[in-house]
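Residues per chain, in single letters:
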Amino acid sequence: MAGTVAIVVSVAFLALIAQTASGQQTVYSLTFNEAATAVSVDLQSRELRVTLAGRLVQQVLLSDNLGTTAQYTETETGFTLTIADGTVLELTKDLDEAAYSQFSVVRNNVPRAVELVDCVNLLGTHWYGGPQQKRQYWPVQKLRFNRYSMLSKEADNSAVGDRYWLNALGSFLYVDETAPLFADQNYGQPGYLCLETRAILPYDTHGPDYDFRYTIGVAADARQVHMGAVRNILGKPLGHPAESMVSDPIWSTWARYKRDVNDAVVQEFASEIIANGFGGQYELDDDWEQCYGALTFNRTKFPNIRSTIAAIKARGFDRVTLWIHPFINKGCEPWYSDARRRGYLVADWTGSTDTEWWNSATGQAAYIDFTKAEVREWFSGRLQAILDESGIDSFKFDAGESSWSPPDPLLNGPLKRRPGQIVGDYLRTVAQFGELVEVRSAQGTQELPVFVRMIDKDSNWGWNNGLPTLITTLLQLNMAGYPLVLPDMVGGNGYDNQPPNKEMFIRWLQANVFMPSIQYSYVPWDFDAETITIALAMTQLHRTMTAAIMDRFALAVSDGLPVNPPLWWIDPTDTTAQKIYDQYLLGDDIIAAPVIVENARARDIYLPVGTWVDGNTRTTHTGPKWLRNYAVPLSMVPYFVRG
């Protein structure tokens, strides 16, 4: 009879039956015995609703292929709904703990012609995580995506492409890497993040079907649920970078010299650094090879590379690293032809290996195929030969995103892992080269004990990849499960002949001080004596933070804690802190509040709950409170230490 509610109870779940006039079951609920989480699916409205103690924390409008005729079947951990088009929607309970619950929404073996669209209601709250972006707004619900492929890719600085979103209500959503996922956020449906699966390029188009699985976690607040995601899905690093990369700066040839490097240039750069009172790690960047992909030194530029490296170290540098990429350009012989003959290059389904990158013309390069074990061994052997020949200590690894492959790549692995498989295979290969390694791409590689470098920043004050995004990218990476973050070079890269001016250089450096490492390329002595003095002071201030950074590295390894969390990490319920984008934490006890606005000599600073001691004036404050119009001369970076 219409309006009747039947209740069916099992150990795993509770199915609530709301009947239509025809007696058709319309609502099913997954319940948890320990957690106060409730999950329901309404066949009429297609709403997936998630609550914690009656409070709404997630709401998803399921794809429109779901209807009231779906056939229900009970399973050991939940239930399935078989839909008229042959797809099966499964809800399965993964974890049921008093303080944390987790379940998955699963459609396996979806026919290739079927397109699914599940739209996540952003619920008017704040969201964190998602892919790295050139315009890295924070919180990330401000971003806009239009059928955006969710991969590690070169476009939009999306080198870190993890499919993990966390909201301030205490819930996350994680989409499995094998799903051919496109994101549509604030476009077709403003206020929603729509998860669209389509078996079209850049994903696999050859297999008969695909899988679409996402997991939702629930806890009391964002901090607790994020740590649940780290424990159960994201993972944590197995180790961390060397302390020497933290305590002393990295000096790269890239921004200052670009490709104009040779023995004389790199040795003069080393001499200048030491003469001005600095030191640390020396990094030789682009255009040292005989040709791109040769992995042998250009003897015209570097007649005796071992002598060059020895001279740099003799000047006072403890370590030297070298820039590496995963490409071979056409015409780089005999290396290109040899690799192609041996099947060591990524090919498409027609056999073409043609692709391009920033150091080649269109179609004039190839991507080394790290999905093959013999290729990984071959490439590693070539890198080891460089170390043996030169005396160099380790490497900076560039690129690695899946988008450098030819369209429709034929990789050595399951069809459903294409094209993203190559990202992890590349990174896990190069991560073996020790505790000085840095990479720039990532997807599902949170376990690697290496620095993930922010992709190149531009020398401007704005949101178009400029100074504000230095902080927001730091926060995004930490909250996507990558706590070992290497900030990009102080002052940005100076592209389009727009290097940083004095003020930008200083404010950029100050914003960097409480991050894990400092990278210089533009140098303070190109400005004036005051800049040198401030840079030495900021470098020393960073050095005094080494113990705190290394302690947090250790906690990242043991517990998966972020090294530089957002300000709300102190109190996840603080609605003011949830919105802060221009401050960040080092661990739980240090707040950095740098100036990132041009010509500003004061700023407002928010202090969350607790007792905080001003690192400059030693004044004690009790939060939560605002410090309005806090004076910040050019020589100062505001920071506060827990009292």
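Residues numbered from 1 in each chain as written. Predicted model: local features only at pLDDT ≥ 70, side-chain atom pairs only at ≥ 80, totals over all residues. Heavy atoms only, no water.

Colleague: Give a detailed account of the overall build of the protein chain, specifying residues and quantitative values.
Modeller: Along the backbone of the protein chain there are 12 helices and 35 strands. Here the C-alpha radius of gyration of the protein chain, 26 Å, is about what a compact globule of 643 residues would show, namely 26 Å. In terms of overall dimensions, the protein chain has a C-alpha envelope of 90 × 70 × 40 Å along the principal axes. Across the 643 residues that make up the protein chain, the buried fraction comes to 61%. A sequence separation of at least 24 residues applies to 67% of the contacts in the protein chain between residues at least 6 apart. (Helix = DSSP H or I, 4+ residues; strand = E, 2+ residues; numbered from the N terminus. Rg over C-alpha atoms; globule rule 2.2 N^0.38 Å. Buried < 20%, exposed > 50% of the residue type's maximum accessible area, 1.4 Å probe, protein only. Contact = heavy atoms within 4.5 Å.)

Colleague: Any details on the sheet that holds strand β9 (residues 88–96)? Residues and values, ideally.
Modeller: Taken together, eight strands build an open sheet; the order of strands is β7-β8-β9-β10-β18-β15-β14-β12 and the sheet is antiparallel. Only two strands of the sheet have a single neighbouring strand rather than two, namely β7 (71–74) and β12 (127–129). Strand-to-strand, the axes of this sheet are offset by a mean angle of 20°, without reference to chain direction. Summarising the sheet, strand β10 (residues 100–111) and strand β18 (residues 209–219) pair through 10 bridges and their orientation is antiparallel. Looking across to β18, one finds that F103 is bridged to I216. (Pairing = 2+ DSSP bridges. Axes fitted to C-alpha atoms, helices over the stretch in contact; angles between N-to-C directions.)

Colleague: Please give an account of the pairing of strand β34 (residues 620–631) that cites residues and values.
Modeller: Pairing of strand β33 (residues 602–614) with β34, which is carried by nine bridges, proceeds in the antiparallel orientation. When the bridges of β34 are listed, V613 appears paired with T620. Turn length for the β33-β34 hairpin, with the two strands adjacent in sequence and antiparallel, is five residues, and the turn residue R618 shows positive phi of about 70°.

Colleague: Could you give an account of the domain arrangement of the protein chain, with specific residues and numbers?
Modeller: Looking at the assigned domains, one finds that the protein chain contains domain 1 (28–233), domain 2 (244–324 + 370–564) and domain 3 (577–642). If you average the C-alpha positions of domain 1 and of domain 3, the two centres end up 36 Å apart. Facing six residues of domain 1, the contacting portion of domain 3 comprises five residues. For the pair domain 1 and domain 3, the summed buried surface comes to about 440 Å²; carbon and sulfur atoms form 46% of the total. Linking domain 1 with domain 3 are one salt bridge. Our enumeration of links across domain 1 and domain 3 arrives at two residue pairs in polar contact (both at pLDDT 80 or more). Within the side of domain 1 that touches domain 3, the residues separate by chemical class into four nonpolar, one polar and one charged. (Domains from an automatic or database assignment. Buried area = accessible area lost by both parts, 1.4 Å probe. Salt bridge = Lys/Arg side-chain N within 4 Å of Asp/Glu carboxyl O. Polar contact = N/O pair within 3.5 Å; in protein donor to acceptor, adjacent residues only side chain to side chain. Nonpolar A, V, L, I, M, F, W, Y, C, P; charged D, E, K, R; others polar.)

Colleague: Let's hear about the UniProt feature "domain: Glycoside hydrolase family 31 TIM barrel" (unreviewed entry) in the protein chain: which residues, and what values?
Modeller: Per the UniProt record, "domain: Glycoside hydrolase family 31 TIM barrel" (unreviewed entry) is found at residues 283–542. Secondary structure across residues 283–542 comprises 32% helix and 12% strand; the distance between its end C-alpha atoms is 20 Å. (UniProt positions renumbered as here; feature names shortened; annotations may be inferred.)

Colleague: Tell me about the environment of P499, and name the residues and values.
Modeller: Relative to the elements of secondary structure, P499 occurs in the loop between β29 (485–486) and α10 (502–512). Residues P499 and D458 lie 41 residues apart in sequence; the distance between their C-alpha atoms is 8.8 Å. If we skip the residues at most four places from it in the chain, P499 touches S459, G494 and Y522.

Colleague: Account for the environment of V430, naming residues and giving values.
Modeller: Residue position: V430 is located in helix α8 (residues 421–430). Distance in space between the C-alpha atoms of V430 and R46 is 45 Å, their sequence separation being 384 residues. Contacts of V430, omitting those with residues within four sequence positions, involve F379, F397, V437 and V439.

Colleague: Please set out the state of the cysteines residue by residue, giving values where relevant.
Modeller: On inspection of all chains with the given rule, the structure shows two disulfides. Disulfide pairing places C119 opposite C194 at an S-S distance of 2.1 Å. One quick way to see it: the torsion about the S-S bond of C119 and C194 is about 105°, and its sign makes the bridge right-handed. Here C119, found in strand β11 (residues 116–121), pairs with C194, found in strand β17 (residues 192–197); they are 75 residues apart in sequence, far enough to count as distant. For the pair C119 and C194, a shared accessibility class is recorded, and that class is buried. What pairs with C291 in a disulfide is C332, and their sulfur atoms sit 2.0 Å apart. Judged by the torsion about the S-S bond (75°), the C291/C332 disulfide is right-handed. Highlighted residues: C291 in the loop between β20 (281–284) and α5 (305–314) and C332 in the loop between β22 (327–329) and α6 (335–341), separated in sequence by 41 residues. Looking at C291, the relative accessible area reads 21%, which means it is partly exposed. (Disulfide = S-S within 2.5 Å.)

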